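Summary of structural features
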Amino acid sequence: MNQETVNRAGEKVLGIIGIIFNVLAIALIGFAMASYANVQGTPEFQQYIEDEIMADPAFSNPEEAQMVMDMMSSSFSVVGWVLIALLALSTILAIVALVNLRKTDKASIAGVLFIVAGLFAGLLSLTSILFYIAAIMCFVRKPRVQNDQNLRDEDFKYQEDQLRRKEESVRREDEVRRDDTTTRSNRSNDDDTPYRPL
């Protein structure tokens, strides 16, 4: 019984596009973090933030404003690094899924890896949707079992058997006819009485 190999080009293309989107997102987040760190140290930015925060009536003294600024800077940095780590993990899982797609019997493992990669890339981001579609294709598209050769062999054996049976039945009928004619001719030779039909 042979298994037909499934062309997994669609899953591979979706996985590669998702990986490219992940790499671009990592680069953009890194660029945004580096830009924010560069801009944050400039006196113009400090003056702008102080003017904006001081204009807010919720902050009465500059120490509170500075504390809020420090908290925003550190949280922006932490969130950026967490996003980069999640996207990097998603990229690694997608690459492992692509490697598993090369083996015909590992498509379901690749599908699970694509789903996990999609979760790490963001629940409903464009990248995660691409990974989910690739995973669904991995699960749905199964190789068909090819037993055409077996069917052909069985069909040939069946036809051969039928032909042999026919030949045997024809041979038996010939033997019966020969025996019948032989017995009639023997009877007619042995018996001197004339043949009278009834």
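Residues numbered from 1 in each chain as written. Predicted model: local features only at pLDDT ≥ 70, side-chain atom pairs only at ≥ 80, totals over all residues. Heavy atoms only, no water.

Attention now moves to the overall build of the protein. A tally of helices and strands in the protein yields six helices and two strands. Ordered by position from the N terminus, the helices and strands of the protein form the series β-α-α-α-α-α-β-α. With 198 residues in all, the protein has 21% of them scored as buried. Sequence separation of 24 or more characterises 70% of the internal contacts of the protein that already satisfy a separation of 6 or more. Accessible surface for the protein amounts to roughly 14400 Å². Of this, 62% is attributable to carbon and sulfur atoms. (Helix = DSSP H or I, 4+ residues; strand = E, 2+ residues; numbered from the N terminus. Buried < 20%, exposed > 50% of the residue type's maximum accessible area, 1.4 Å probe, protein only. Contact = heavy atoms within 4.5 Å. Areas by Shrake-Rupley, 256 points an atom, 1.4 Å probe, with all protein chains shown as cover.)

Bringing the environment of Ala88 into the picture now. Inspection of the secondary structure puts Ala88 in helix 3 (residues 62-101). Here Ala88 falls in the partly exposed class, since its relative accessible area comes to 30%. Put simply, Ala88 and Asn22 are 66 residues apart on the chain and 7.5 Å apart in space, counted from C-alpha to C-alpha.

Centre-to-centre distance and the angle between the planes together describe a pair of aromatic rings. Per the stated rule, a full pass over the model turns up two aromatic pairs. Their ring planes at 55° and their centres at 4.8 Å tell us that Tyr36 and Phe76 sit as a pair that is tilted. Highlighted residues: Tyr36 in helix 1 (residues 9-40) and Phe76 in helix 3, separated in sequence by 40 residues. By relative accessible area, which is 36% here, Phe76 ends up partly exposed. Relative to Phe131, the ring of Phe114 has its centre 5.8 Å away and its plane inclined at 25°; by these criteria the two rings are stacked. Residue Phe114 is found in helix 4 (residues 107-120), and its partner Phe131 is found in helix 5 (residues 126-140); the two are separated by 17 residues along the sequence. (Phe/Tyr/Trp six-rings, centres within 6.5 Å; stacked < 30°, edge-to-face > 60°.)

We now examine the packing of helix 4 against helix 5. One can describe the packing of helix 4 onto helix 5 by two numbers: an axis separation of 8 Å at closest approach and a directional angle of 165°. Considering the angle they form, helix 4 stands roughly antiparallel to helix 5. Of the two elements, helix 4 crosses helix 5, and the hand of that crossing is left-handed. For the pair helix 4 and helix 5, contact is made by Ala107, Ser108, Ala110, Gly111, Val112, Phe114, Ile115, Ala117, Gly118 and Leu119 and by Ser128, Phe131, Tyr132, Ala134, Ala135, Cys138 and Phe139, respectively. (Axes fitted to C-alpha atoms, helices over the stretch in contact; angles between N-to-C directions. Parallel < 35°, antiparallel > 145°, perpendicular 65-115°, else oblique. Left-handed = near helix turned anticlockwise from the far one by under 90°.)

So, on to the packing of helix 1 against helix 5. Their axes nearest at 9 Å, the elements helix 1 and helix 5 cross at an angle of 160°. The angle between helix 1 and helix 5 places the two elements in the roughly antiparallel class. Between helix 1 and helix 5 lies a crossing whose hand is left-handed. Side by side, helix 1 and helix 5 meet where Gly10, Glu11, Leu14, Gly15, Ile17, Gly18, Ile19, Phe21 and Asn22 of the first sit next to Leu126, Thr127, Leu130, Phe131, Ile133, Ala134, Met137 and Cys138 of the second. Within the contact of helix 1 with helix 5, the residues separate by chemical class into 11 nonpolar, five polar and one charged. (Nonpolar A, V, L, I, M, F, W, Y, C, P; charged D, E, K, R; others polar.)

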